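Here are the chains, one letter per residue:
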Amino acid sequence: MRARLDPFTLVLLATIAVASFFPARPPLDGWLDHAGVFAVAMLFFLHGAALSRDEVLNGAMHWRLHLVIASLTFIVFPLLVVPTTLLAPALIPNDLAVGFLYLGVLPSAVSSSIAFTAMARGNVPAAICSAAASNVFGMMLTPFLLILLVSSSGGSFAVGEALRDIFLQLLLPFAAGQAVRPLIGRFLNRHKSLTGRYDQGVILLIVYTAFSQSVADGLWQKLPLLAIFAAIALCGLLLTVVILIAQVASRRFGFTLADEAAVVFCGSKKSLASGLPMAKVLFAGNPGFGMIVLPIMCYNQIQILVGAFLARRYEGRIQAAGAHE
């Protein structure tokens, strides 16, 4: 199966190009920043309203599988990214190193984790449960893990402001969405494509605003070409190592191939949809925002290309195993 860029990635790259050549200037940049705050809050409100409790309960019984996935997402991956700080500032800028720390503590990607598990004919209910739980708990775990990693690497972080903004812009809207789910849940389930487009629209707004600010602060002068190639290589290396660890752990626990597929896809994915909105809250006003979110954007494309290839391989193996039963 030939790997190719998905359309949204092309739009994302085009948005970066537009921001590089035509960055938002005052007062437009201020208006876009305020619009982004509202858009992120609405995004997490919709996620709270759309999250199906029944789907979560259906897959919640496989506790060993969920424990392995959670450990990969919030323990193994964060530990793997810590050595990248040793490359700064000699090989990569400090803000890019912070971006890798941020990548490491992000929750799993919901849609792609489930989609690739389904494509592979893996354990879809378990994937739904793990991916959903990862994002719910990720809203609380991600900022705390980031603070821990940044502090251990000698950096500093505005803890009070970050926690306040996380509560007001993420947790509170999410809880409000859960509260009104009985009223609008069915409508959102019938119009999943609309909410998907809204997710993408919020990402594009954040990327354009963030890169406009970073370009105005000299992003491309501060970010050498070697650092970009290093970021891409590091993302590929991280994904490879996590997939291998996921496969070894699955076989050690005696999981079926269908379970292994869920572990590999849920445990190795990182959420761009949650990562960029949370970054806007956690790194608000940071002039290096463009560098900080670069790793998650690189990793997202690589995980999609590799995921498509792996899903087809698992599909063949799972079908072959079923034919011999």
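What about helix α13 (residues 257-268)?
Then, number 1: Under the 1.5 Å per step criterion, the end-to-end length of α13 is 16 Å for twelve residues, consistent within 8% with the ideal 16 Å.
Then, number 2: Burial within α13 is extensive, with ten of its twelve residues counted as buried.

Brief notes about the side chain of S130
Then, number 1: Structurally, S130 can be placed in helix α7 (residues 124-152).
Then, number 2: Judged by relative accessible area, which is 6%, S130 ranks as buried.
Then, number 3: Polar contacts involving the side chain of S130 include one to the side chain of H66, which spans 2.6 Å.
Then, number 4: Apart from the residues within four sequence positions on either side, S130 is in contact with L65, H66, I69 and C266.

Looking at the packing of helix α12 (residues 225-252) against α13
Then, number 1: It is the contact of α12 with α13, at a shortest axis distance of 9 Å, that shows an interaxial angle of 150°. At the point where α12 passes α13, the crossing takes the right-handed sense. The segment α12 lies against α13, with L239, V242, I243, A246, Q247, S250 and R251 engaging E260, V263, V264, G267 and S268.

Some thoughts on a nonpolar patch on the surface
Then, number 1: On the surface, V18, F21 and F22 cluster together to form a nonpolar patch covering roughly 380 Å² of accessible area.
Then, number 2: Residue placement: F22 occurs in the loop between α1 (7-21) and α2 (28-50).

Thoughts on the side chain of R181
Then, number 1: The residue R181 is located in helix α9 (residues 181-190) in this model.
Then, number 2: Classification of R181 by relative accessible area gives buried; the value is 15%.
Then, number 3: A polar atom in the side chain of R181 sits 2.8 Å from the backbone oxygen of A49.

Thoughts on the pattern of salt bridges
Then, number 1: Taken as a whole and assessed by the stated rule, the structure comprises four salt bridges.
Then, number 2: For the salt bridge of E260 with R251, the shortest nitrogen-to-oxygen distance reads 3.0 Å.
Then, number 3: Assessed through its relative accessible area of 3%, E260 is described here as buried.
Then, number 4: Relative accessible area serves as the criterion here: at 49%, R251 is assigned to the partly exposed category.
Then, number 5: One salt bridge connects E315 with R312, and the closest N-O pair in it is separated by 3.3 Å. Of this pair, E315 and R312 both sit in helix α15 (residues 289-323), three residues apart, which is roughly one turn of that helix.
Then, number 6: On the accessibility criterion, E315 (17% relative accessible area) is buried.
Then, number 7: For R312, a relative accessible area of 40% gives the class partly exposed.
Then, number 8: Via salt bridges that share partners, R121, R312 and E315 belong to a single interconnected network.

Considerations on the environment of S20
Then, number 1: By the secondary structure assignment, S20 is in helix α1.
Then, number 2: The spacing of S20 and L219 is 199 residues in sequence and 9.1 Å in space, taken between C-alpha atoms.
Then, number 3: Once residues lying within four places of it in the same chain are set aside, the contact partners of S20 are V215 and W220.
Then, number 4: At 2.8 Å, the side chain of S20 and the backbone oxygen of I16 are in polar contact.

Regarding unusual backbone geometry
Then, number 1: Across the junction of P26 and P27, the peptide omega takes the value 0°, indicating a cis bond.
Then, number 2: Within the secondary structure layout, P27 lies in the loop between α1 and α2.
Then, number 3: Cis geometry is found at the peptide bond from A88 to P89, where omega equals 0°.
Then, number 4: Note on placement: P89 falls in the loop between α4 (63-81) and α5 (94-104).
Then, number 5: Phi is positive for R121, which is not a glycine, with a value near 65°.
Then, number 6: Along the chain, the position of R121 falls in the loop between α6 (110-119) and α7.

Thresholds applied
- For every chain, the first residue of its written sequence is number 1, and the numbers climb from 1 along that sequence.
- Totals for whole chains, interfaces and linings use every residue, but because this is a predicted model, local features are given only for residues with pLDDT of at least 70 and side-chain atom pairs only at 80 or more, for both listing and counting.
- The side-chain quantities take in all heavy atoms of the structure and omit both hydrogens and water.
- To qualify as a helix, a DSSP run of H or I must reach at least 4 residues; to qualify as a strand, a run of E must reach at least 2; elements of each kind are numbered from the N terminus.
- In this analysis, the expected span of each helix is defined as 1.5 Å times one less than the number of residues it contains.
- Only protein chains enter the accessibility calculation, which uses a 1.4 Å probe. A residue is then buried if its area is under 20% of the maximum for its type, exposed if over 50%, and partly exposed in between.
- We define a polar contact as two N or O atoms separated by no more than 3.5 Å, with the added condition that, inside protein, one atom must be a possible hydrogen donor and the other a possible acceptor, whereas residues neighbouring each other in sequence contribute only through side-chain atom pairs.
- We call two residues contacting when some pair of their heavy atoms lies within 4.5 Å.
- Structural elements are reduced to axes, namely lines fitted to C-alpha atoms, with helices fitted over the stretch in contact, and the angle between N-to-C directions of any two is expressed from 0 to 180 degrees.
- By convention, the crossing between two helices is left-handed when the near helix turns anticlockwise from the far helix through less than a right angle, and right-handed when the turn is clockwise.
- Only residues whose relative accessible area exceeds 30% and that form no salt bridge enter a patch; like-charged residues are grouped when within 9 Å of one another, and nonpolar side chains (Val, Leu, Ile, Met, Phe, Trp, Tyr) when within 5 Å.
- All accessible areas in this document rest on Shrake-Rupley with a 1.4 Å probe, and a residue is counted as covered only by the protein chains that are shown.
- Just to be clear on terms, a salt bridge is a Lys or Arg side-chain nitrogen sitting within 4 Å of an Asp or Glu carboxyl oxygen.

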